[in-house]
Amino acid sequence: MLSSAPADPVVLHADPWLLVIDKPSGLLSQSGRGPALADAVPARLEPAWGPLRLPHRLDRDTSGLLLLARDPETHRSLSMALEARRVRRTYLADVAGWPSSPAGRVEAALAKARHRPPLYRVHPSGRPSRTDWWCLERGDGWCRLRLEPHTGRSHQLRVHLAWLGHPILGDPLYGPARSRGAAGRLRLHAWRLDLVHPRTGEPLSLEAPLPWHGAPPVPLTLQLLSAPQPGRGLGGPQR
């Protein structure tokens, strides 16, 4: 049986220079090669909104807020703001296990481990990467984290949390098999964006509602977790 197509993205903000959308899980940010990878955000939106450019992307399985530029100058400005860390991006994620303290930091370099399909890992020769986190809620063998990446590496949040032994629930690449099926989807959501509008200079803040509710459909136990590396639990800042 063929799986159903992802839902359409929802436009949350539109002006002459940019769009901010709520991207559903399962939809590519950018089209890839071949017809199987043609369905993506620009293909869905450009018939109504005209040419669109992506200053950043979300993984296909990640839902939430995505910026789209409507002209080259806005695209350059947004890309520069993202590179300079002037765009604050906040995510929500449900992960396996419980943190031992209310907040912490991960600083671990990331490198590509495989090209097709792309896979990343923590490696000392990789690119410096930093993620800050706060625990919002605890459940039966899982917890909900607020995440703020201070770098924008591919798969950064997913790899950092899996490396700590607390993978994001439903992660098909970095989570153990039993925790993948416990959630029904990757429980990672780009929840909030805060930035200065590149053309008007006005502050712009948006939130996208969490698209899932409550606990995972399958109760978790700590036996589902992969063992964290020594000294690398979620218990405090990682240096």
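Remember, predicted model here, so these are calculated numbers, not experimental data. Going along each chain's sequence as written, the residues are numbered from 1 onward. Reporting in this predicted model follows two pLDDT cut-offs: at least 70 for local features of residues, and 80 or more for side-chain atom pairs to be given and counted; totals over whole chains, interfaces and linings ignore these cut-offs and use all residues. Here the side-chain values reflect all heavy atoms present in the structure, with hydrogen atoms and water set aside.

The next subject is the overall build of the chain. In terms of regular secondary structure, the chain is built from 4 helices and 11 strands. Throughout, exposure labels follow a simple rule: accessible area from a 1.4 Å probe, protein chains only, divided by the maximum for the residue type, with under 20% read as buried, over 50% as exposed, and the rest as partly exposed. The buried share among the 239 residues of the chain stands at 46%. Residues are treated as being in contact if the distance between any of their heavy atoms lies within 4.5 Å. Long-range contacts, defined as pairs at least 24 residues apart, comprise 62% of the intrachain contacts of the chain with a sequence gap of at least 6. Shrake-Rupley sampling with a 1.4 Å probe provides the accessible areas, and residues are treated as covered by the protein chains on show and by no other component. Accessible area of the chain: about 11900 Å², with a carbon and sulfur share of 54%. By the criteria applied, helices consist of DSSP H or I runs no shorter than four residues and strands consist of E runs no shorter than two, each listed in order from the N terminus.

Once that is clear, we can look at helix H3 (residues 156-163). Burial analysis of H3 places 8 of its 8 residues in the buried class, which makes it a mostly covered element. All of the buried residues along H3 are Gln156, Leu157, Arg158, Val159, His160, Leu161, Ala162 and Trp163. Positive phi appears at glycine 165, one or two residues downstream of H3, with a value of about 90°.

For the rest of this paragraph, the subject is the confidence of the model for the chain. Every residue carries a pLDDT, the predictor's confidence in it, which falls somewhere between 0 and 100. Of all residues in the chain, 87% have pLDDT values of 70 or greater, and the mean over the chain is 88. The low-confidence segment residues 222-239, where pLDDT is below 50, has 42 contacts with residues more than four positions distant or belonging to other chains.

Before going further, it helps to examine the packing of aromatic side chains. Ring pairs are drawn from Phe, Tyr and Trp, using the six-membered ring of Trp, whenever the two centres fall within 6.5 Å, and their geometry is named by plane angle: stacked under 30 degrees, edge-to-face over 60, tilted for the rest. Per the stated rule, a full pass over the model turns up 0 aromatic pairs. A cation over a ring is seen here: arginine 146 above tryptophan 134, with NZ or CZ 5.0 Å from the ring centre. Whether a charge sits over a ring depends on NZ of Lys or CZ of Arg being within 6 Å of the ring centre and within 35 degrees of the ring normal.

Cysteine sulfur atoms that pair up within 2.5 Å are treated as a disulfide. Evaluation of the coordinates by the stated rule reveals 0 disulfides. Residue cysteine 135 stays outside any disulfide, its sulfur separated by 4.8 Å from that of cysteine 143, the closest cysteine. Since its relative accessible area comes to 23%, cysteine 135 is described here as partly exposed. What makes cysteine 143 buried here is its relative accessible area of 0%.

With that settled, the discussion passes to the environment of cysteine 135. Mapping cysteine 135 onto the fold places it in strand S8 (residues 130-138). Among all residues touching cysteine 135, those that are not within four sequence positions of it are Pro99, Pro102, Cys143, Arg144 and Leu145.

Quick look at helix H1 (residues 41-49) now. Since the α-helix advances by 3.6 residues per turn, residues separated by three or four positions end up pointing in the same direction. Along H1, the positions that sit buried rather than exposed are Val41, Pro42 and Leu45. The buried residues of H1 occupy one face: seen down the axis, they fall within an arc of 85°. Against the buried residues of H1 lie strand S1 (10-14), strand S2 (18-23) and strand S3 (63-69). Throughout, the arc means the angular range of directions from the helix axis out to the C-beta atoms.

For arginine 185, the position within the fold is in the loop between helix H4 (177-180) and strand S10 (188-196). In the analysis that follows, any N or O atom pair within 3.5 Å is treated as a polar contact, provided that within protein one partner can donate a hydrogen and the other can accept it, and provided that, for residues neighboring in sequence, both atoms belong to side chains. Here the side chain of arginine 185 touches serine 63 through a polar contact of 3.0 Å, side chain to side chain. For arginine 185, the contacting residues outside a window of four places in its chain are Ser25, Asp61, Thr62, Ser63, Leu169, Gly170, Pro211 and Trp212.

Counted as salt bridges are all cases of a side-chain nitrogen of Lys or Arg within 4 Å of a carboxyl oxygen of Asp or Glu. As enumerated under the stated definition, the model contains 15 salt bridges in all. A salt bridge links aspartate 39 to arginine 44, with the nearest nitrogen and oxygen atoms 2.7 Å apart. On the accessibility criterion, aspartate 39 (32% relative accessible area) is partly exposed. Between arginine 158 and aspartate 171 there is a salt bridge, and its shortest N-O distance comes to 2.7 Å. Note that arginine 158 is positioned in helix H3 and aspartate 171 in the loop between H3 and H4, a separation of 13 residues in sequence. Given the relative accessible area of 4%, arginine 158 is considered buried. Through salt bridges that share partners, Asp94, Glu137, Arg144 and Arg187 make up one connected network.

Topologically, aspartate 194 is positioned in strand S10. At 2.6 Å, the side chain of aspartate 194 and the side chain of serine 205 are in polar contact. In this structure aspartate 194 touches Arg86, Val87, Arg88, Leu204 and Ser205, once residues within four positions along its chain are discounted.

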